[in-house]
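Residues per chain are reported as follows:
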Amino acid sequence: MSAVTDDHLVQGTLSGLADAYDREALDAALDDFGFTDLIQESAQLGVSALFAALGRAGSSCGALNDVLTAAVQSTTGADVSGDTVLLPQPGVEYPATIDDGALTIRGLTIGSRP
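It should be emphasised that the depicted structure is a prediction, and the values quoted were computed from it without experimental measurement. (Residues numbered from 1 in each chain as written. Predicted model: local features only at pLDDT ≥ 70, side-chain atom pairs only at ≥ 80, totals over all residues. Heavy atoms only, no water.)

Draft legend 1. Up close: the side chain of serine 59. By secondary structure assignment, the location of serine 59 is in the loop between helix H4 (43-57) and helix H5 (63-76). Overall, serine 59 belongs to the buried group, its relative accessible area being 14%. Within the structure, serine 59 has its side chain in polar contact with the backbone oxygen of alanine 18 (distance 2.5 Å). Contact partners of serine 59, with chain neighbours within four places excluded, come to Ala18, Tyr21, Asp22, Leu26 and Leu54. (Helix = DSSP H or I, 4+ residues; strand = E, 2+ residues; numbered from the N terminus. Buried < 20%, exposed > 50% of the residue type's maximum accessible area, 1.4 Å probe, protein only. Polar contact = N/O pair within 3.5 Å; in protein donor to acceptor, adjacent residues only side chain to side chain. Contact = heavy atoms within 4.5 Å.)

What follows is the structure, encoded as structure tokens:
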């Protein structure tokens, strides 16, 4: 099977899942499909196909958590499953500060999905 055919199969499968399921049910379907394995093997294909399918279907799921976790793990080698990822606010030198014992975060936090 050619890479183009494989790409079309992945795109079609993810599109079908996004059309059929939403939220937790879609998370479970993506787990059964092996989405985390897909983004480790072919992040560009997995991410672009899934997020395009989600946009067309108007569905949502916890896949952003999986994508961020996979990126951190592949970059650092650390197991961050179950951790929270902080996406710093653009242009902020220090995304988190502690003043008088209070933690201030400047950015978007993405927690682990259930």
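Structure shown, so let's carry the discussion forward.
Draft legend 2. View of the environment of aspartate 22. On the secondary structure map, aspartate 22 appears in the loop between helix H1 (3-20) and helix H2 (23-33). Considered as a pair, aspartate 22 and histidine 8 are 14 residues apart in the sequence and their alpha carbons are 22 Å apart. Residues contacting aspartate 22, with those up to four places away along its chain left out, are Ser59 and Ser60.

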